[in-house]
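Structural description and commentary
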Amino acid sequence: RTNEWRAGAKHRVFCQLPNGDWALCTVITTSGDESVLKVPEGKVLRLKTESLQPANPEILDGVDDLMQLSYLSEPSVLYNLQYRYSQDMIYTKAGPVLVAVNPFKKVALYGNEYIKAYKNKTMDSPHVYAIADSALREMKRDEVNQSIIISGESGAGKTETAKIAMQYLASLGGGSGIEYEILQTNPILEAFGNAKTLRNDNSSRFGKLIEIHFSTTGRICGAMVQTFLLEKSRVVQCAVGERSYHIFYQLCAGAPTTLREKLNLKKVDEYKYLKQSCCYSIAGVDDAEMFRAVTEAMNIVHISQEDQDNVFAMVSAVLWLGDVSFTIIDNENHVEITVEEAAETVSRLLGCSIEDLNLALSKRHMKVNNENIVQKLTLTQATDTRDALAKALYASLFEWLVEQINKSLSVGKRRTGRSISILDIYGFESFDKNSFEQFCINYANERLQQHFNRHLFKLEQEEYVEDGIDWAKVEFEDNQDCLNLFEKKPLGLLSLLDEESTFPNATDLTFANKLKQHLDTNSCFRGERGKAFTVRHYAGEVAYDTSGFLEKNRDLLHMDSIQFLAKCKLSIPQTFASKMLAQSDNLESVPYRPSVADSQKLSVAMKFKGQLFQLMQRLESTTPHFIRCIKPNNLQLPAIYGQELVLQQLKCCGVLEVVRISRSGYPTRMTHQKFARRYGFLLLEDVASQDPLSVSVAILHQFNILPEMYQVGYTKLFFRTGQIGNLENTRNRTLHGVLRVQSCFRGYQARRHASERSRGVLALQSFIRAENARQSYSSLLRKHRAATLVQKNLRGWRARRYFIKIRKASVVIQSGIRGCLVRRCAGNVDLLNVLREFESKKEADGDQILIKASFLAELQRRILRAEATVREKDEENEMLHQRLQQYENRWLEYEQKMKAMEEMWQKQMRSLQSSLSVAKKSLALDETPRMSDSSVEQSWESNGNHVGGGSSQQLAAAPRITGREMNASMSVIGRLAEELEQRSQVFADDAKFLVEVKSGQADASLNPDVELRRLKQNFDSWKKDFGSRIRETKVILNKLASGGGGGGNESSPNSAKRKWWGRLNTSKFS
């Protein structure tokens, strides 16, 4: 290759500049072992040719997968990442690993549009979305749990990358609402677990594993959060330029007035714990707004308002604990707490008394030889006890918050066993002074690197060898020696640290000397002067200072402090105390450790080691997906790319080794059975009877896959990158075509079947509808006939009833009218008969009475008038019958009037009756005992003698009247009286009927008022007619009484009759 560079000019090469950076140069000329180069700034350099590195063609600048580079070297990888970083393409593939370079600014690579694009496979460029989508698809396809392991230095963007992956999973697996709760756990965990460091403004000071569970349909059904090694020492101590946990500053800046007064909050620069670092804010971050986001997130994950108030009370109590001061009370430097605002506020927030707080911080109870001893603490001891209580309170509060979040996100019965775990854990840390926290963090990263190596290097190459394929082993740097340095028993770093922590008189210096004594021969360990030692990690050498190692590893919280929390009235401190006591009871005691004074029988390092092993076991059961986050500069500014820093991180991550193995290896593998089952249908000939290996080989030959692109192992087929993708594309196209043909054929069959069924259904429906119509018509016809018959019978019955009713009414009316007419006319007929008899006897006797022809004509006219009157009365009676029915609603207002009229009628009737009675009595008085044979003559004589007292000549001259004629006259008068009674009864009945109609007692379709007036008119007309008939009867009687003489002598018996008729005429009929 060097000869080729010399052969041609204008070749692109990489040269290393004096500052150590690599630059892309163009070869001008070559002469011997030197080359003249032109750097991008326009300068010309002369360098030795052997120091140059070949550069890739321009067409490969900025490729999205490092495996595509023709020359895989450190400068090529650095240049490719820098080229993409300058164009805001921060994601690059390195084989199976995604490399993410932190842009330190917002880039337009996220949102719903990108989520839809990666979901629909319309975009395949490297992205966190692509990794999350791959994990989700493999989980559904293989039914194996997945894990996304995110690693990198502090400030490389691990937390943001984890949130982006969770956002994609929540978008694709959402629908139940719990995905929003999962996303809202980030503000809470960041507020209580993240802090500003010199390298990162939002550094996670704990490890976090979020396990997202899915249902059988691929929907999120719950989650669980697990945390590791919270940096408790940051609560009480911060380096200059750093901050403690975000929640302290957010609470002081964003708490509302009521909460601020309740917690007695001060400014952040007034708290001792916070003012040590002289850093109170972060550029571009509003702590008050972040506090509102935290409270909103707490509401979403169902933390009650009471619990929120208690949480903030604990946070405030931790801050006020740092301000609790002590007063020396004797010469031995023993102290008691100073009763001032800090102590009073802490006791109020925790729900305890000042005396209990003083007892917990300034005294210690010990049991020696079964005797209880109270030991007073010195100022240093009391301060350490106070800080230990503050750290324990905050750590317990953090664990309690994680428990509440897990309760809110719990899966319960919906769990299916399928999950995707996202691990966001601290990266390698190397500071000027590295303490116990960096020691544990770097140990965790060594273990994760071992997992990374096993998955990508060891296991892969071991599988090649076990399956018998032709493979040249690729060398890579293994970190097993460093892990043995940490974990080996009994002479490992952790074992020695745990052993030294059990000795009461051990110090940090004795621990450092013990390490040098036992581990000085280890290649990964180097002892330093004083308390320091150096460990050669996979990522490089790190020097540790053992100051504080033993104390932090013991993490002692005395039993007095636990009992003090148990006595507090607030529920949360009591919960913390009960949990600490439960942990103390469950753990086995450790030799050489004063159990009465310890709340935890297991050291921090050993506990962390146990958690780490559990994490590794969980990750080993999943299919891992790796994301390596790269920090381009330490200034946390955009558009700055530090090659040395990036190269160091790439080496720590093992990215170059991954690319080399992936390029030379076979990343895709599949068993013969699965390969034959998945792609066997693509063969042109039937190979169902052949074994899976023969089928697999036939498939490879049919699709002309080059031999160097695959290898056949004992149990599996191994493919280089991209080969299985071509087969999968062919399979998908074939399946798509098959499905297309099947869909067309099934559609044709379905349409034909539907058409046949439609015709059959139409024919069946027509028959059924015709039969239903016939049955319905027959039923309607029968009902019509039955209804017609019923209507005919009903109408006939109504007509008959109405006819009978009318006929009865007509008969009654006719009988009444006929009787009335007969009675009315009977008197006139009798008078005519009497006149005829009288004339015949008068002719026979020669004393006939001459009756004028005009009188007879008058009688005939009256008869005709009576008949007309009968007809009128008949019509009036019919109208009366109809109108009487209309008096229902107006009777009440005429009731009094009708009663008055009735009384008047009764008076008139009584007057008529009295008049008739007088007439009868007068006629009776005329029949004296002197009358013989009831002759009329004697009667008239008697009357004449009685009245006038006339002479016998007068009696002799008077005409003779027989007794029969007198009886006829009496009969006429009797009928008049009978008619008077009957008519009065009729009028009374009619009036009574109108009263009943008016009052509603009887139903009639007539108007009672109109009929009443008509009844009165009828009564008046009848009264007038009846009076005229009485007068006519009087005239006839006068004629009969005057006899044949017809004289008008006043002294005749007619004078007495006139007197009677005069009295009669004075009655109401006149």
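Being a predicted model, the structure only gives us computed values, none of them experimental.

Brief notes about the sheet that holds strand S23 (residues 710-712)
- Pairing is antiparallel in the open sheet, where three strands are placed in the order S22-S24-S23. Each edge of the open sheet carries a strand with a single partner, namely strand S22 (668-671) and S23. Averaged over all adjacent pairs, the angle separating strand axes in this sheet is 15°, with direction ignored.
- Here S23 pairs with strand S24 (residues 716-719) via three bridges, running antiparallel. Counterpart to Tyr710 in the pairing with S24 is Phe719.

Regarding the environment of Gly95
- In this fold, Gly95 is placed in the loop between strand S6 (91-94) and strand S7 (97-101).
- Remark: the alpha-carbon pair of Gly95 and Val659, spanning 564 residues in sequence, is separated by 5.6 Å.

Let's talk about the packing of aromatic side chains
- On inspection of all chains with the given rule, the structure shows 29 aromatic pairs.
- With a centroid separation of 4.9 Å and 55° between ring planes, the pair formed by Phe675 and Tyr679 is classed as tilted. Here the residue Phe675 and the residue Tyr679 both occupy positions in helix H26 (residues 672-679), the gap between them amounting to four residues, near one helical turn. The same class applies to Phe675 and to Tyr679, which are both buried.
- Over the ring of Tyr249 we find Arg243, and its NZ or CZ is 4.0 Å from the ring centre.
- Lying across the ring of Phe452, Arg628 places its NZ or CZ 4.0 Å from the centre.

Some thoughts on a positive patch on the surface
- A grouping of Lys116, Lys119, Lys140 and Arg219 is seen on the molecular surface, where their side chains present a positively charged patch.
- By the element assignment, Lys119 lies in helix H3 (residues 112-119).
- On the basis of relative accessible area, Lys119 is assigned to the partly exposed category, the value being 45%.

Let's talk about the packing of helix H8 (residues 246-254) against helix H12 (residues 305-322)
- Relative to each other, H8 and H12 sit at 105°, their axes nearing to 10 Å. The angle between H8 and H12 places the two elements in the roughly perpendicular class. Two secondary-structure elements touch here, H8 through Ile247, Phe248, Leu251 and Cys252 and H12 through Phe312, Val315, Ser316, Val318 and Leu319.
- Looking at side-chain class alone, the contact of H8 with H12 contains eight nonpolar, one polar and no charged residues.

Quick notes on empty space enclosed by the protein
- A full pass over the atoms with the stated rule returns seven cavities of 30 Å³ or more.
- Lining the largest cavity are 13 residues, and of these Gly152, Phe428, Asn445, Cys652 and Cys653 sit closest to its centre.
- Classifying every residue of the lining of the largest cavity by side-chain character gives five nonpolar, six polar and two charged.

With respect to the UniProt feature "binding site: ATP" (unreviewed entry) in the protein
- Listed under "binding site: ATP" (unreviewed entry) in the UniProt record, and renumbered for this structure, are Gly152, Glu153, Ser154, Gly155, Ala156, Gly157, Lys158 and Thr159. Here, the largest cavity is lined by Gly152 and Glu153 out of the annotated residues.
- By the secondary structure assignment, Ala156 is in the loop between strand S8 (146-152) and helix H5 (158-173).
- When residues no more than four places from it in sequence are discounted, the contact partners of Ala156 are Asn102, Cys629, Ile630 and Lys631.

A word on the pattern of salt bridges
- Evaluation of the coordinates by the stated rule reveals 34 salt bridges.
- For the salt bridge of Lys363 with Glu336, the shortest nitrogen-to-oxygen distance reads 3.9 Å. Of this pair, Lys363 sits in strand S15 (residues 363-368) while Glu336 sits in strand S14 (residues 335-337), and the two are 27 residues apart along the sequence.
- Since its relative accessible area comes to 16%, Lys363 is described here as buried.

Comments concerning a nonpolar patch on the surface
- There is a patch of nonpolar side chains on the surface, built from Met366, Val368 and Ile373 and spanning about 220 Å² of accessible area.
- Structurally, Met366 can be placed in strand S15.
- You can call Met366 partly exposed: its relative accessible area is 34%.

Focus: H8
- Most of H8 is tucked away, with eight of its nine residues classed as buried.
- Listed as buried for H8 are His246, Ile247, Phe248, Tyr249, Gln250, Leu251, Cys252 and Gly254.

Brief notes about the side chain of Glu138
- With respect to the secondary-structure elements, Glu138 resides in helix H4 (residues 128-142).
- Salt bridges are absent for the buried Glu138, whose nearest opposite-charge side chain, Arg141, sits at 4.7 Å.
- Sequence-distant contacts of Glu138, that is, excluding residues within four places in its chain, are made with Glu143, Gln146, Thr623 and His625.

Overview of the sheet that holds strand S2 (residues 22-31)
- Strands sit in the order S4-S3-S2-S1-S5 across an open sheet of five strands; the sheet is antiparallel. For this open sheet the edge positions go to strand S4 (44-48) and strand S5 (53-54), each flanked by a neighbour on one side alone.
- One ladder, built from five bridges, connects S2 with strand S3 (residues 34-38); its direction is antiparallel. Residue pairing across strands places Thr26 opposite Lys38, the latter belonging to S3.

Description of the nonpolar core
- Membership of the largest hydrophobic core comes to 141 residues, with the highest contact counts inside it found for Phe192 and Phe248.
- By residue number, the principal contributor to this core is helix H15 (residues 379-408), which donates 13 residues.
- Not counting chain neighbours up to four residues away, the residues in contact with Phe248 comprise Val235, Val268, Leu274, Val315, Val318, Leu319 and Tyr394.
- Ile149, Tyr443, Leu612 and Ile661 belong to the second largest nonpolar core, which has 47 residues in total.

Re the state of the cysteines
- Applying the stated criterion to the full structure yields zero disulfides.
- Sulfur of Cys568: no disulfide; nearest cysteine sulfur belongs to Cys352 and is 4.6 Å away.

Focus: the confidence of the model for the protein
- Residues with a pLDDT of 70 or more make up 83% of the protein, whose mean pLDDT is 81.
- Counting contacts from residues 927-962, a segment whose pLDDT is below 50, to residues more than four positions away or on other chains yields 60 contacts.

Here's the deal with a negative patch on the surface
- Taken together, Glu872, Asp874, Glu875 and Glu878 make up a surface patch of like negative charges.
- Relative to the helices and strands, Asp874 resides in helix H29 (residues 853-883).
- Residue Asp874 is classed as partly exposed on the basis of its relative accessible area, which comes to 33%.

Focus on unusual backbone geometry
- With omega at 0°, the peptide bond leading from Lys489 into Pro490 counts as cis.
- Tracing the backbone shows Pro490 in the loop between helix H17 (480-487) and helix H18 (493-501).
- The backbone phi angle of Glu143 is positive, close to 55°, even though this residue is not glycine.
- By the secondary structure assignment, Glu143 is in the loop between H4 and S8.
- Unlike most non-glycine residues, His302 shows phi in positive territory, near 65°.

Conventions we followed
Residues numbered from 1 in each chain as written. Predicted model: local features only at pLDDT ≥ 70, side-chain atom pairs only at ≥ 80, totals over all residues. Heavy atoms only, no water. Pairing = 2+ DSSP bridges. Helix = DSSP H or I, 4+ residues; strand = E, 2+ residues; numbered from the N terminus. Axes fitted to C-alpha atoms, helices over the stretch in contact; angles between N-to-C directions. Phe/Tyr/Trp six-rings, centres within 6.5 Å; stacked < 30°, edge-to-face > 60°. Buried < 20%, exposed > 50% of the residue type's maximum accessible area, 1.4 Å probe, protein only. Lys NZ or Arg CZ within 6 Å of the ring centre and 35° of its normal. Patch = residues over 30% accessible without salt bridge, like charges linked within 9 Å, V, L, I, M, F, W, Y side chains within 5 Å. Areas by Shrake-Rupley, 256 points an atom, 1.4 Å probe, with all protein chains shown as cover. Salt bridge = Lys/Arg side-chain N within 4 Å of Asp/Glu carboxyl O. Lys, Arg positive; Asp, Glu negative; His and termini not counted. Charge placed at Lys NZ, Arg CZ, Asp CG, Glu CD. Parallel < 35°, antiparallel > 145°, perpendicular 65-115°, else oblique. Contact = heavy atoms within 4.5 Å. Nonpolar A, V, L, I, M, F, W, Y, C, P; charged D, E, K, R; others polar. 1 Å grid on protein atoms, 1.4 Å probe; cavity = no way out; pocket = protein on both sides within 12 Å on 5 of 7 lines; lining within 4 Å. Points joined across faces, edges and corners; volume = space filled by probe spheres on them. UniProt positions renumbered as here; feature names shortened; annotations may be inferred. Core = buried A, V, L, I, M, F, W, Y, C linked by side-chain atoms within 4.5 Å. Disulfide = S-S within 2.5 Å. pLDDT = per-residue confidence, 0-100.

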